[in-house]
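Commentary on secondary and tertiary structure
One letter stands for each residue in the lines below.
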Amino acid sequence: MPDVNLTTLYKLKQSAEKIVCLTAYDATFAHLESQAGVEVILVGDSLGMVLQGHDSTLPVTVADMAYHTRSVKRGNRGALIMADLPFMAYATLEQTLNNSAALMQAGAHMVKLEGAGWLAENITALVQRGIPVCAHLGLTPQTVNVLGGYKVQGREQAQADTLLADAVALEAAGASMLLLECVPSDLATRISQSVKVPVIGIGAGSGTDGQVLVVHDMLGLSISGRLPRFVKNFMTETADIPAAIKAYVDAVKAVEFPAREHEF
Ligand code: KIV
Ligand code: NA
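Keep in mind that this is a model prediction, so the values were computed, not measured. (Residues numbered from 1 in each chain as written. Chains lettered and ligands numbered in written order. Predicted model: local features only at pLDDT ≥ 70, side-chain atom pairs only at ≥ 80, totals over all residues. Heavy atoms only, no water.)

Quick look at the side chain of His 216
Basically, it comes down to this: Numbering of helices and strands runs from the N terminus, with a helix taken as a DSSP run of H or I at least four residues long and a strand as a DSSP run of E at least two residues long. For this analysis, residues touch if any pair of their heavy atoms sits within 4.5 Å.
With respect to the helices and strands, His 216 occurs in helix 10 (residues 215–218). Setting aside chain neighbours within four positions, we find His 216 in contact with Tyr 25, Val 50, Leu 51 and Leu 221.

A short note on the site of ligand 1
Note the threshold: Note on terminology: near, applied to a residue and a molecule or strand, indicates that one of the residue's heavy atoms is within 4 Å of it. Two N or O atoms count as a polar contact when they lie within 3.5 Å, although within protein this holds only if one can serve as hydrogen donor and the other as acceptor, and sequence-adjacent residues are included solely when both atoms are side-chain atoms. Only the protein chains shown count as cover for residues, and all accessible areas are computed by the Shrake-Rupley method using a 1.4 Å probe. Polarity classes work like this: nonpolar for Ala, Val, Leu, Ile, Met, Phe, Trp, Tyr, Cys and Pro, charged for Asp, Glu, Lys and Arg, and polar for all others, with Gly in that last group.
Every one of the 13 residues lining ligand 1 counts as a neighbour, but Gly 44, Asp 45, Ser 46, Asp 84 and Lys 112 are closest to it. One of the side-chain nitrogen or oxygen atoms of Ser 46 is found 2.6 Å away from an oxygen atom of ligand 1. Within the complex, 94% of the 260 Å² of free accessible area of ligand 1 lies under protein. Broken down by class, the residue content of the shell around ligand 1 amounts to five nonpolar, four polar and four charged.

Description of the sheet that holds strand 3 (residues 80–84)
Our working definition: Strands qualify as paired when DSSP identifies two bridges or more between them. Geometry is summarised by axes, namely lines fitted to C-alpha atoms with helices restricted to the contacting stretch, and by angles between N-to-C directions that run from 0 to 180 degrees.
With parallel pairing, the eight strands of this closed barrel are ordered in space as 1-2-3-4-5-6-7-8. Adjacent strand axes in the sheet meet at a mean angle of 25° when their direction is disregarded. In the sheet, strand 4 (residues 110–114) pairs with strand 5 (residues 133–138) via four bridges, with the strands oriented parallel. Within strand 5, the residue paired with Val 111 across the bridge is Val 133. Packing of helix 6 (residues 120–128) onto the sheet brings it into contact with strand 4 and strand 5, and relative to strand 5 it is tilted by some 160°.

Some remarks on the coordination of the sodium ion (ligand 2)
Stated precisely, the cut-off is as follows: Metal coordination here is assigned from N, O and S atoms located within 2.8 Å of the ion, or within 3.2 Å for Na, K and Ca; omission of water means that sites may look incomplete. Categorising residues by exposure relies on relative accessible area from a 1.4 Å probe, with only protein chains included: less than 20% of the type maximum marks a residue as buried, more than 50% marks it as exposed, and the intermediate range marks it as partly exposed.
The protein atoms donating to the sodium ion (ligand 2) are Asp 45 (OD) and Asp 84 (OD), with metal-donor distances spanning 2.3 Å. Remark: Asp 84 occurs in strand 3 and Asp 45 occurs in the loop between strand 2 (40–43) and helix 3 (47–50); sequence separation between them is 39 residues. Summarising the burial analysis for this pair, Asp 45 and Asp 84 share the class buried.

Comments concerning the UniProt feature "binding site: Mg(2+)" (unreviewed entry) in the chain
To be explicit about the condition: UniProt positions are given in the numbering used here, feature names are shortened, and annotations may be inferred rather than shown by experiment.
The positions UniProt marks with the feature "binding site: Mg(2+)" (unreviewed entry) are Asp 45, Asp 84 and Glu 114. Their sequence span is 70 residues, while the largest C-alpha to C-alpha distance among them is just 11.0 Å; these annotated residues converge on one region. Judged by its relative accessible area of 4%, Asp 45 is buried. Each residue touching Asp 45, except ones within four places of it in the same chain, is listed here: Thr 57, Val 60, Met 65, Asp 84, Pro 86, Glu 114 and Gln 142. Looking at the element boundaries, Glu 114 is found in strand 4. Residue Glu 114 is classed as buried on the basis of its relative accessible area of 6%.

Some points on the side chain of Ser 34
In this structure, Ser 34 sits in helix 2 (residues 27–36). In terms of polar contacts, Ser 34 uses its side chain to reach the backbone carbonyl oxygen of His 31, at 3.1 Å. From its side chain, Ser 34 meets the backbone nitrogen of Arg 77 in a polar contact 2.9 Å long. Leave out the neighbours within four places in its chain, and Ser 34 touches Ile 41, Gly 75, Asn 76, Arg 77 and Ala 79.

As structure tokens, then:
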């Protein structure tokens, strides 16, 4: 059992203290982040882009995710480890169960999958078998080819209503946490207030229960040389990587990050 568990996260939401989440893919960063006060380490399939150099997350495999989860587990000192189920690893119920088991046995305490209302059945089956689930809604990078690009989601009223309904339905299905990516901050705040489970945001404003960033982004590292609007480079005001991670933790806790300029 990690020091941080679901009870810890629910208490943080209830006491309106922000939850700090950050990606890590290896032992050194997992060690650094957990020691700096990051409560949830996300082994994100963003590793397909920032580590492997692909132009999307689609090529990432369950074996890749398990390898990095094992590495993160060795460095972690008490954070809750959440691992992404990669593209097509949860297309059927049987795949969902087998692949989630592989990630849990690699050291994850929770799995994350991308989707909407259709995920309900899979989520219920996982929770019944002892695997907590975070549902990633809004901009879901694994469906970038259907979405037609990496774009803000939920700008139109009908889309916003669907997103809220999905969030409520997935909580009812047993999701232990939700993650909202690139949605207008008013909508993200409304969703966070409409569910009891913690809602983590990225590009979703400061009204969510917690924040997450890709660690390379917040260290100012980018192959393209461009950083998304919702990212802050924490290296510019700090001396080294440990200090930048600590500054991120402090800024999320103080509700100083994200600021207005990072919102949609
Ligand atoms: O893979 C990842 O890093 C993620 C975050 C962007 C939320 O899913
Ligand atoms: Na991801």
